[in-house]
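Fold and contact review
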Amino acid sequence: TQLLEQSPQFLSIQEGENLTVYCNSSSVFSSLQWYRQEPGEGPVLLVTVVTGGEVKKLKRLTFQFGDARKDSSLHITAAQTGDTGLYLCAGRNTGNQFYFGTGTSLTVIP
Amino acid sequence: EAGVAQSPRYKIIEKRQSVAFWCNPISGHATLYWYQQILGQGPKLLIQFQNNGVVDDSQLPKDRFSAERLKGVDSTLKIQPAKLEDSAVYLCASSSQLTDTQYFGPGTRLTVL
């Protein structure tokens, strides 16, 4: 099992604040994805990063893939209540197997 | 296009009973995944199908779990007999061969008493 550790596990912030979620592993991944999951629903893909050092921006969300392709971060600027949810990273290894991270539960307080 | 469908949405059983879950992937998606998600954790891959063949079932507890994807479309996941620790949400996802984007269904929440 290739473990993807996310930190923090829980995060509660005020609306308008910035935050960063980290996804770390000792394994190398050919690609890494970030998902958001809301209660009672399945995860929904936010972004896929494939190149070491790659940075992708999706409105207020910025995703970065580490140079060594072992870690990633998700930064949210000016958080909104609609950002509340469980954020999951998921890595695909060279054997085409998928592993999800441990998850970060974000609560944005109005 | 219609999303991934799963049924039932909720199931409550007693330990040692059997249970089955059904998944209908997005039309044309060759790859189908079953995940187990324990409350507060990330999903754990149980089995991955490519059409009707198994690609990866290394994390499937084969003494009690089984899955099939006859005709390469719908899939069923069975647990027999269930244990208390099987209480979780079982998620089904599918993807096409052109992209590794997985589309998830709403999941089946299983409670084993």
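Parameters at a glance
- Residues numbered from 1 in each chain as written.
- Chains lettered and ligands numbered in written order.
- Predicted model: local features only at pLDDT ≥ 70, side-chain atom pairs only at ≥ 80, totals over all residues.
- Heavy atoms only, no water.
- Contact = heavy atoms within 4.5 Å.
- Buried area = accessible area lost by both parts, 1.4 Å probe.
- Salt bridge = Lys/Arg side-chain N within 4 Å of Asp/Glu carboxyl O.
- Polar contact = N/O pair within 3.5 Å; in protein donor to acceptor, adjacent residues only side chain to side chain.
- Helix = DSSP H or I, 4+ residues; strand = E, 2+ residues; numbered from the N terminus.
- Disulfide = S-S within 2.5 Å.
- Buried < 20%, exposed > 50% of the residue type's maximum accessible area, 1.4 Å probe, protein only.
- Phe/Tyr/Trp six-rings, centres within 6.5 Å; stacked < 30°, edge-to-face > 60°.

In this assembly, 20 residues from chain B lie in contact with 22 residues from chain A. With both sides pooled, the region where chain B packs onto chain A buries about 1400 Å², and carbon together with sulfur makes up 44% of that total. On inspection of chain B and its partner chain A, the count reaches zero salt bridges. For the pair chain B and chain A, the interface holds two residue pairs in polar contact (both at pLDDT 80 or more). Those elements that provide at least two residues to the side of chain B that touches chain A are strand 4 (31-37) and strand 5 (44-50) of chain B. The dominant element in the side of chain B that touches chain A, judged by the number of residues it contributes, is strand 4 of chain B, at three residues.

What follows deals with the state of the cysteines. Each disulfide consists of a covalent bond between the sulfur atoms of two cysteine residues. Evaluation of the coordinates by the stated rule reveals two disulfides over all chains. In this model, Cys23(A) is linked to Cys89(A) through a disulfide, with the two sulfur atoms separated by 2.1 Å. Between Cys23(A) and Cys89(A) the disulfide shows an S-S torsion of about 75 degrees. By sign, it is right-handed. Residue Cys23(A) is found in strand 3 (residues 19-24), and its partner Cys89(A) is found in strand 9 (residues 85-92); the two are separated by 66 residues along the sequence. Just as Cys23(A) is buried, Cys89(A) falls in that class too. In this model, Cys23(B) is linked to Cys92(B) through a disulfide, with the two sulfur atoms separated by 1.9 Å.

What follows deals with the packing of aromatic side chains. Summed over the entire model, instances satisfying the criterion amount to nine aromatic pairs over all chains. Taken together, a centroid distance of 6.2 Å and an interplanar angle of 35 degrees make the contact between Phe98(A) and Phe100(A) tilted. Taken as a pair, Phe98(A) and Phe100(A) share a single burial class, namely buried. With centroids separated by 5.3 Å and ring planes inclined at 90 degrees, the aromatic side chains of Phe100(A) and Tyr35(B) adopt a geometry described as edge-to-face. Of this pair, Phe100(A) sits in strand 10 (residues 98-100) while Tyr35(B) sits in strand 4, each in a different chain. Grouped by ring-pair contacts, the aromatic residues Tyr35(A), Phe98(A), Phe100(A), Tyr33(B), Tyr35(B) and Phe104(B) constitute a single cluster.

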